[in-house]
Amino acid sequence: MSASRVLFDEPGPIARRRMRIAGIVAIVAVAALSALAVRRFADHGQLDADKWRPYTTWPMWRYLLEGLWATIRAAIVATALSMAGGIVLALGRLSRRRALRWSATGYIEVMRTVPVLLLVYLVLFGLPHYGVDLPLFWKLVLPLSVSASAVFAEIFRAGILSLDRGQREAGLAVGLTDTQTMRLIVLPQAVRRLLPSLVSQSVGLLKDTSLGFIVSYSELLYSGRVLASYNRLLIQTYIIIALVYIVLNASLSKLARTLEARQGFRPTGRRSVRTLLRARAGADARL
Amino acid sequence: MLEVIQDNWDLLQDGFVGTLKLTVVCGIASLLLGTLIAACRVSPVPPLRWFGAAYVNLFRNTPLTLIFFAVALGFPKLRFNFSFFQFAVIALSTYTAAFICEAIRSGINTVPIGQAEAARSLGMSFTQTLSQIVLPQAGRAAVPPIGSLLIAMVRNSAIASAFNTTELMGTSSTMIENGYKSLWVLVWIAIGYLIITLTMSALLAALEKKLAVVR
């Protein structure tokens, strides 16, 4: 709503009438487009009841749910690993030792640009050459974690830097060492503040697990592909899988937003000031 | 390690140009589509806002790989026939547009309401307020996130290789099949991606510098 407040004035009677007309036109346009799409599906027999009936049976769903569980398992392990890696890299990038700082920065910058797919190929084709043949699960999770740790590192770095400098100075002033200050004072506060960003980044990882089809790790998308080649219901299978992904990821995003909203009430740091301002703007809009 | 690049120069060049083409076409398409959806999301017309929100939630929460599969395998079933390159463009730009839309919207959100109110109280019209006060500030705030989205798009474009599109990542399987050491093949491909993204980073940094103003 705040975006509309910046862009538009409070509408008068004429503007409100125009908005209503535009609204009706928009609804008609979207409805016409959806009708065209549905027609296209129906014309090619994709909406026939017997094409959808298999998905009312339990065995189909059990197969997909097993795939979903594999997806979630891979996403959880990859998130845990890349968060750990991210903290180490962030501390490395903020370190006072030049060698450490440069190597962490180099790693982050390279991993930000190299496609995850390339890392997957490296583990898939490169490592066996040197006698390392990982189980399927790790062939997917290892490259994902290696790549995502760079993203998490940047998030952690932003969080650490956003913290008030006084926190670190106070920690050092009461006699804590550098490491203790980081571990006891800075990191706990930074992580708490970053929780929403960390959760929304885990959505990205969850989506990336769909690369499992390359290593034939049977996560949700790969299970769906196997299922579709077996029952020949390609479009139906993809629609259902997409819905599962959307529900799962949208709930995670929602969780991130809830966490962010809850933080607004904690009067610490710069961020809350901005939230307070935003809350005031919201109150104005209600007047 | 050097013979990989000497023997496969043409192949790598084709792939590099393919990725570059994909980057430029998808970049423009997703910027246009993203701006359009963002305009819907912030419009005062509720149905347009719902449409924008639905689009963003749909495409942001679906894996890109799934969108690729749905487009490349589902469209032919509905008798929409395009080339592989066109499929890749459709999948990649519809996906990226959802993120671009959110970047633009949060850029608009960073403009303090006082700015628009001040413009209006000076007697500026709607068009003037938008084009001279709000959008320049919003654009400045949106450039860095859009830049990192476009760089992420380049790495995402690698997924197109699984769908027969001629691009950089796809050249790797040909070379590995021809018996070249996979490690060096992949290192050279990574360097190819770095060339594209580092150039983009430099261009974006220059743009940011040019747009920067003292607040």
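All values derive from a computational prediction rather than experimental measurement. (Residues numbered from 1 in each chain as written. Chains lettered and ligands numbered in written order. Predicted model: local features only at pLDDT ≥ 70, side-chain atom pairs only at ≥ 80, totals over all residues.)

**Regarding the overall build of chain B**
Basically, it comes down to this: Numbering of helices and strands runs from the N terminus, with a helix taken as a DSSP run of H or I at least four residues long and a strand as a DSSP run of E at least two residues long. Exposure is read from a count of other C-beta atoms within 10 Å of each residue's own; the residue is exposed at 12 or fewer, buried at 20 or more and partly exposed in between. C-beta atoms are placed from the backbone. Here the contact rule is simple: place C-beta atoms from the backbone, and any two residues whose C-beta atoms are within 7 Å are in contact.
Helices and strands together make up the secondary structure of chain B, namely 9 helices and 0 strands. By its C-alpha atoms, chain B is 70 × 45 × 20 Å across when sized along the principal axes. The buried share of chain B, reckoned over its 215 residues, is 40%. In chain B, the share of contacts with a sequence separation of at least 24, taken over all contacts with a separation of at least 6, comes to 76%.

**Some details on the overall build of chain A**
Secondary structure summary: chain A contains 13 helices and 0 strands in total. Going from N to C terminus, chain A has its helices and strands arranged as α-α-α-α-α-α-α-α-α-α-α-α-α. Burial status across chain A gives 29% buried among its 287 residues.

**Description of the interface of chain A and chain B**
Which entries qualify depends on this criterion: Polar here means any residue other than Ala, Val, Leu, Ile, Met, Phe, Trp, Tyr, Cys and Pro, which are nonpolar, and Asp, Glu, Lys and Arg, which are charged; Gly is therefore polar.
Between chain A and chain B, the contact holds 45 residues from the first and 46 residues from the second. Those elements that provide at least two residues to the side of chain A that touches chain B are α1 (2-7), α2 (13-43), α6 (116-129), α10 (212-215) and α12 (234-263) of chain A. Class assignment of the residues belonging to the side of chain A that touches chain B gives a composition of 31 nonpolar, 10 polar and 4 charged.

**Section: the nonpolar core**
Note that soluble globular proteins tend to have their nonpolar side chains buried in a common cluster. How we decide: When buried Ala, Val, Leu, Ile, Met, Phe, Trp, Tyr and Cys residues are joined through C-beta atoms within 7 Å, the set is termed a nonpolar core.
Membership of the largest hydrophobic core comes to 101 residues, with the highest contact counts inside it found for Leu 117, Leu 118 and Val 120 of chain A. Looking at this core element by element, the count peaks at 13 residues for helix α5 (residues 84-109) of chain B. With residues near it in sequence (within four places) discarded, Leu 117 of chain A still touches Leu 211 and Ile 214 of chain A together with Ala 158, Ile 159 and Met 169 of chain B.

**Regarding the packing of helix α4 (residues 58-93) of chain A against helix α5 (residues 98-113) of chain A**
Residue and element names in this part refer to chain A. Definition in use: Only the stretch in contact is used when a helix axis is fitted, and all axes are lines through C-alpha atoms; the angle between N-to-C directions ranges over 0 to 180 degrees. Roughly parallel means an angle under 35 degrees; roughly antiparallel, over 145; roughly perpendicular, 65 to 115; everything else is oblique. A clockwise turn of the near helix away from the far one marks a right-handed crossing, whereas an anticlockwise turn of less than a right angle marks a left-handed crossing.
Orientation of α4 relative to α5, taken along the N-to-C sense of each, is 130°, at an axis distance of 7 Å. When the axes of α4 and α5 are compared, the pair comes out oblique. In this structure, α4 meets α5 at a crossing whose hand is left-handed. Of the residues in α5, those in contact with Leu 89, Gly 92 and Arg 93 of α4 are Leu 100, Arg 101, Ser 103, Ala 104, Thr 105, Tyr 107 and Ile 108. Grouping the amino acids of the contact of α4 with α5 by side-chain chemistry returns 5 nonpolar, 3 polar and 2 charged.

**Overview of the environment of Met 111 of chain A**
All names here are of chain A. Within the secondary structure layout, Met 111 lies in helix α5. Each C-alpha atom of the pair Met 111 and Ser 147 lies 5.5 Å from the other, and the pair is 36 residues apart in sequence. Setting aside chain neighbours within four positions, we find Met 111 in contact with Val 146, Ser 147 and Ala 150.

**Quick word on the packing of helix α4 (residues 64-77) of chain B against α5 of chain B**
All names here are of chain B. Interaxial distance between α4 and α5 falls to 9 Å at its minimum, and their mutual angle equals 140°. In the packing of α4 onto α5, the handedness of the crossing is right-handed. Counted together, Leu 64, Ile 67, Phe 68, Val 71, Ala 72 and Phe 75 of α4 and Phe 87, Ile 90, Ala 91, Thr 94 and Tyr 95 of α5 form the full contact between these two elements. Taken together, the residues of the contact of α4 with α5 sort by class into 10 nonpolar, 1 polar and no charged.

**Some thoughts on the confidence of the model for chain A**
Stated precisely, the cut-off is as follows: Across the chain, each position has a pLDDT score giving the predictor's confidence in that residue, from 0 to 100.
Averaged over all residues, the pLDDT of chain A equals 84, while 90% of them reach at least 70. Low confidence marks residues 267-287 of chain A, where pLDDT is under 50. Its contacts with residues over four positions away, or in another chain, come to 14 contacts.

**Thoughts on the confidence of the model for chain B**
With 99% of its residues at a pLDDT of 70 or more, chain B has an overall mean of 88. For this predicted complex, the interface score ipTM comes out at 0.83, while the overall pTM is 0.85.

**Comments concerning helix α7 (residues 136-162) of chain A**
As a reminder of what qualifies: Expected span of a helix: the number of residues minus one, times 1.5 Å. The bend at a residue is defined as the angle formed between two axes, one fitted to the seven residues ending at that residue and one fitted to the seven starting there.
Here α7 of chain A is 27 residues long and its end C-alpha atoms lie 39 Å apart, about the 39 Å a rise of 1.5 Å per residue gives. The principal kink in α7 of chain A, of about 30°, is found at Ala 148 of chain A.

**What about unusual backbone geometry?**
Residue and element names in this part refer to chain A. We note that Ser 216 has phi near 50°; this positive angle belongs to a residue other than glycine. Tracing the chain through its elements places Ser 216 in the loop between α10 and α11 (220-231). Taking the C-beta count within 10 Å as the criterion, Ser 216 has 14 such neighbours and is therefore assigned partly exposed.

**Quick word on the environment of Thr 237 of chain A**
Residues and elements named next belong to chain A. Within the secondary structure, Thr 237 is located in helix α12. With 26 C-beta atoms packed within 10 Å, Thr 237 lands in the buried category. Here the alpha-carbon distance between Thr 237 and Gly 224, two residues 13 residues apart in the chain, equals 6.3 Å.

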